[in-house]
Amino acid sequence: MDIIQPVRGTSDLLPADKAKHNHVIDCAKQGAAQFGYAEMATPIFEFTEVFSRPLGASSDVVAKETYSFEDRGGTGLTLRPEGTAAAMRAIISNGLTQSLPQRWFYAGPMFRYERPQKGRMRQFHQIGCELIGPASPLGDAEIIACGVHILKSLGVLDQTVLHLNTLGDSDSRQAYRTALIAYLEAYRNDLSEDSQRRLDTNPLRILDSKSASDRNILQDAPQLHRYLTPAAQAHFDAVKEALQAASITWVDDPFLVRGLDYYSHTAFEFITDQLGAQGTVLGGGRYDGLAQSLGGPLLPAVGFAAGIERLALLGEEQAQPVPDLVLLAAEQSAEADLFALGCQLRADGYHVVSILSGNMGKKMKAANRLGARFALIAGADELGRNCVSLRNMQDGTQTEVEISVIGNWLAQQG
Ligand code: HAM
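None of these values were measured; they are calculated from a predicted model.

J.: Even after reading the chapter, I still don't get the nonpolar core, so can you show me in this structure?
T.: When a protein is soluble and globular, its nonpolar side chains tend to lie buried together. In terms of nonpolar packing, the biggest core is built from 47 residues, with Leu55, Met88, Ile132 and Leu184 touching the most fellow members. With six residues, helix H4 (residues 84-93) is the single largest residue contributor to this core. In contact with Met88, other than residues within four places in its own chain, are Ile132, Tyr287, Leu290, Ala291, Leu294, Leu299 and Ala301. By size, the runner-up hydrophobic cluster in this structure holds 39 residues, among which are Ile25, Ile144, Ala242 and Leu243.

Here it is, written out as structure tokens:
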């Protein structure tokens, strides 16, 4: 264990990375607000049952990926692997089940013990939206439209394709499950080890298998849409009709089942071919049964989450803020007064960065690196006369300016 390295699957967000993350969060928050989604936050850890019950014991996330531990009082806690179950817990524990709909936006770190690779981290970050209350298919369409809007505002929509499927209601899934098991049983020994296990625990997840031989077997497998109840079919048709009316395009993906067990009806993912194996940038769906798995009432809900790291990989570099002024003391005896002047200028609203060490040559180089238009240079003699020199970093011209008119002088420079 090398303690001066970050833990595997985690990484520091240095300023350039953090600027990209912040850009994703700001665009997403603003886009979500246009649909009426208000930002909220849940704790980073919850009682383990908040995730283990709704996400499903047979899901990979619960079976293999949670960071679960006992605190010093012996209480079983889990670092949140996702935000949806926690958001629903918050609806119930804050007594909001009678105050619906709620439209929530969130952003923050999530934790999954996965095998790290490009775009897959153990601590990663998500933005997400949850619409809790409406059972209407227009809710599903709204959530998808909100995802489209956010991806568009980030300039990455063109790099993705929307995959759409329905998991139907529980009657549809029950009928399909029986048919799928009957089909796959004949190939049990040819299935991958994971899929053989899933055949007994959660056969629908086999549809999501990446194994080539599984995919081969699945080619002729029964498809869920043929087992939909009339009500589930009508729900899905209405979602598609609304998407079509809004000119949102998609591909039908009968194999899309999502990795968490709480979904019913609509499931969708925006997938890119630009990030290798980790191509899903945004995914979600309807999860009407989740509240009940937490001991709450039946609460229709639909939502999505997107990986900030993946969106940042697809998006553009973000410019760092450039200071209005950099401050350079010409000699040590001027440093304290210049420090005080810097504090005053910041109080007046300027973005001012002090260069604290090095000889004059090194200080000028540092000032250039920061990209500021002007350097404020002063020695004790000038400060004694209430003056400073302002140097235009582009053309090298230098002007002596009285401290009281620095603001005016800067304004005149345009
Ligand atoms: P999810 O598909 O598990 O869904 O995650 C959503 C997104 O988070 C993924 O599409 C991906 O961009 C990102 N992501 C997931 N795992 C990782 C990882 N290990 N490293 C980097 N990025 C990752 C959910 O979490 C659901 N709560 C979405 C939802 C909201 N469904 C309804 N409401």
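J.: How do you make sense of the sheet that holds strand E2 (residues 45-47) when you look at a structure like this?
T.: What links the strands of a sheet is backbone hydrogen bonding, and the strands pair in either a parallel or an antiparallel sense. Pairing is antiparallel across the open sheet formed by three strands, whose spatial order is E2-E4-E3. The open sheet terminates on both sides in strands that have one partner only, identified here as E2 and strand E3 (68-70). For this sheet the average axis-to-axis angle between neighbouring strands, irrespective of direction, equals 35°. The sheet strands contacting helix H2 (residues 48-55) are E2, E3 and strand E4 (76-79), and the helix crosses E2 at an angle near 75°.

J.: Looking at this structure, how should I read empty space enclosed by the protein?
T.: Picture a little ball the size of a water molecule; that probe, rolled over the atoms, points out where space is still empty. Taken as a whole and assessed by the stated rule, the structure comprises one cavity of 30 Å³ or more. There is about 40 Å³ of room inside the largest cavity. The residue inventory of the lining of the largest cavity, partitioned by class, reads four nonpolar, two polar and one charged.

J.: It is not clear to me how the pattern of salt bridges should be interpreted in this structure. Could you clarify?
T.: With the rule as written, the count across this model stands at 17 salt bridges. Two residues, Arg103 and Glu142, come together in a salt bridge whose shortest N-O distance is 2.8 Å. Here the residue Arg103 occupies a position in strand E5 (residues 102-111), and Glu142 occupies one in helix H5 (residues 137-153), the gap between them amounting to 39 residues. Using a relative accessible area of 27% as the deciding quantity, one classes Arg103 as partly exposed. For Glu269, the salt bridge identified is with Arg258, shortest N-O distance 2.8 Å. Placement of the pair is Glu269 in strand E9 (residues 264-272) and Arg258 in the loop between strand E8 (251-252) and E9, with a sequence separation of eleven residues. Considered together, Glu269 and Arg258 belong to a single accessibility category, that of buried residues.

J.: What is the right way to read a nonpolar patch on the surface from this model?
T.: Where nonpolar side chains cluster on the molecular surface, the patch consists of Met1, Ile3 and Ile4 and spans about 500 Å² of accessible area. By secondary structure assignment, the location of Ile3 is in the segment before helix H1 (15-34). Given a relative accessible area of 72%, Ile3 falls into the exposed group.

J.: Help me understand H2 in this model?
T.: Helical geometry note: an α-helix holds 3.6 residues per turn, so side chains three or four residues apart project in the same direction. Every buried residue belonging to H2 is among Val50, Phe51, Pro54 and Leu55, and all of these are buried. The buried residues of H2 occupy an angular sector of 90° when the element is viewed end-on, so they sit on one face. Next to the buried residues of H2 lie E2, helix H3 (60-65), E4, H4 and helix H10 (290-293). Where H2 ends, the next residue or the one after it, Gly56, has phi of about 95°, a positive value.

J.: In this structure, what is going on with the pairing of strand E7 (residues 160-166)? I would like to understand it.
T.: Each regular strand displays side chains that alternate between the two surfaces of the sheet. Where burial is concerned, most of E7 is hidden: six out of the seven residues are buried. Where E7 and E9 come together, seven bridges link them in antiparallel fashion. Looking at the pairing, His163 lines up with Glu269 of E9. Sheet topology places E7 next to E8; two bridges connect them, and they run parallel. Along E8, the bridge assignment pairs His163 with Val251.

Definitions and limits used
Residues numbered from 1 in each chain as written. Predicted model: local features only at pLDDT ≥ 70, side-chain atom pairs only at ≥ 80, totals over all residues. Heavy atoms only, no water. Core = buried A, V, L, I, M, F, W, Y, C linked by side-chain atoms within 4.5 Å. Buried < 20%, exposed > 50% of the residue type's maximum accessible area, 1.4 Å probe, protein only. Helix = DSSP H or I, 4+ residues; strand = E, 2+ residues; numbered from the N terminus. Contact = heavy atoms within 4.5 Å. Pairing = 2+ DSSP bridges. Axes fitted to C-alpha atoms, helices over the stretch in contact; angles between N-to-C directions. 1 Å grid on protein atoms, 1.4 Å probe; cavity = no way out; pocket = protein on both sides within 12 Å on 5 of 7 lines; lining within 4 Å. Points joined across faces, edges and corners; volume = space filled by probe spheres on them. Nonpolar A, V, L, I, M, F, W, Y, C, P; charged D, E, K, R; others polar. Salt bridge = Lys/Arg side-chain N within 4 Å of Asp/Glu carboxyl O. Patch = residues over 30% accessible without salt bridge, like charges linked within 9 Å, V, L, I, M, F, W, Y side chains within 5 Å. Areas by Shrake-Rupley, 256 points an atom, 1.4 Å probe, with all protein chains shown as cover. Arc of directions from axis to C-beta.

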